[in-house]
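# A look at the structure
Spelled out from the first residue to the last, the chains are:
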Amino acid sequence: MSDVTTPTEEWTKPLPTPDDVNRDYWQAGTEGRLLIQACPHCGHRQFYPRALCTSCAGEPEWLECTGRGTVHTFTIVRQMGMRAFRNELPYVVAMIELDEGPLIMGNVTDCDPESVRIGLPVEVHFINAADDVGVPMWRPVPAR
Ligand SMILES: [Zn+2]
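In this report, we go over the structure that sits alongside the text. (Residues numbered from 1 in each chain as written. Predicted model: local features only at pLDDT ≥ 70, side-chain atom pairs only at ≥ 80, totals over all residues. Heavy atoms only, no water.)

## Section: the overall build of the protein chain
From N to C terminus, the protein chain includes two helices and nine strands. Listed by position from the N terminus, the elements making up the protein chain come as β-α-β-β-β-β-α-β-β-β-β. Since a compact globule built from 144 residues should have a radius of gyration of about 15 Å, the 15 Å found for the protein chain is in line with a globular shape. Projected onto its principal axes, the C-alpha coordinates of the protein chain cover approximately 45 × 35 × 30 Å. Out of the 144 residues in the protein chain, the part that is buried amounts to 42%. Pairs at least 24 residues apart make up 56% of the contacts formed inside the protein chain by residues separated by at least 6 positions. (Helix = DSSP H or I, 4+ residues; strand = E, 2+ residues; numbered from the N terminus. Rg over C-alpha atoms; globule rule 2.2 N^0.38 Å. Buried < 20%, exposed > 50% of the residue type's maximum accessible area, 1.4 Å probe, protein only. Contact = heavy atoms within 4.5 Å.)

This is the structure:
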């Protein structure tokens, strides 16, 4: 389980609408758990959640991740018109390569945006955006 934070202010960013395919994914986030899909027929792993395996069209199952990965690529957002995002400028949007394989997009938080590099080890944490929506965020793994 990873850290889950409930914002002190109302969530004003766009929210996903959980459906039959992704409801378990968003709910797991509220519990500090990151889920991807793994295919029991061919072993393919995928993110984002889909009704079918993109490799063999089998029915995928959930796989709980370690919540660890590395920055695959990223950008620093310095201008943004929407108020909810503008208040956080500058911020990092990254593609994270999960230890389990798939790429997942998210913000890298809890660090100076200028310190983010490709290959940076990161770990997931979650923001509860709604009762049934936990949004994964990423932060550098503390040096040991
Ligand atoms: Zn498959």
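Next comes the rest of the write-up.
## Let's talk about the nonpolar core
Across soluble globular proteins, you tend to see nonpolar side chains buried next to one another. Judged by nonpolar contacts, the single largest core of 27 residues is most densely connected at Leu34, Val71, Ile96, Leu98, Val108 and Trp138. Of all the secondary-structure elements, those providing two or more residues to this core are helix H1 (23-30), strand E2 (35-38), strand E5 (68-77), strand E6 (91-98), strand E7 (103-108), strand E8 (121-130) and strand E9 (133-140). With near-sequence residues (within four places) excluded, Leu34 lies in contact with Tyr25, Leu63, Glu64, Cys65, Leu98, Ile104, Phe126, Pro136 and Trp138. (Core = buried A, V, L, I, M, F, W, Y, C linked by side-chain atoms within 4.5 Å.)

## Describing the coordination of the zinc ion
Protein coordination of the zinc ion is provided by Cys39 (SG), Cys42 (SG), Cys53 (SG) and Cys56 (SG), with donor distances spanning 2.3 to 2.4 Å. Taken together, the four donor atoms coordinating the zinc ion and their angles of 102 to 114° define a geometry best described as tetrahedral. All donor residues of the zinc ion come from one chain, and their arrangement in sequence is C-x2-C-x10-C-x2-C. Pair noted here: Cys39 is in the loop between E2 and strand E3 (45-46) and Cys56 is in the loop between E3 and strand E4 (61-64), with a separation of 17 residues, a long-range link. The buried category is assigned to Cys39, whose relative accessible area is 6%. We classify Cys56 as partly exposed; its relative accessible area is 36%. (Donors = N, O, S within 2.8 Å, 3.2 Å for Na, K, Ca; no water. Tetrahedral: all angles 85-135°; square planar, octahedral: opposite > 155°, others 65-115°.)

## Quick word on the state of the cysteines
Scanning the model with the defined rule gives zero disulfides in all. Cysteine Cys65 remains unbridged, with the sulfur of Cys53 as its closest cysteine sulfur at 16 Å. (Disulfide = S-S within 2.5 Å.)

## A word on the environment of Ile104
Relative to the helices and strands, Ile104 resides in strand E7. Sequence separation between Ile104 and Phe47 is 57 residues; the distance between their C-alpha atoms is 6.8 Å.

## Things to note about the pairing of E6
In this structure, E5 lies alongside E6, joined through eight bridges in antiparallel fashion. Bridge pairing in E6 places Ile76 opposite Val92. Counting the residues between successive antiparallel strands, the hairpin from E6 to E7 contains four residues, one of them, Gly101, with a positive phi of roughly 120°. (Pairing = 2+ DSSP bridges.)

## Remarks on the sheet that holds E3
Strand order in this open sheet of three strands is E3-E2-E4, and the pairing throughout is antiparallel. Here the strands that pair on one side only, and so sit at the sheet edges, are E3 and E4.

Remember, this is a structural readout, not a statement about activity or role.
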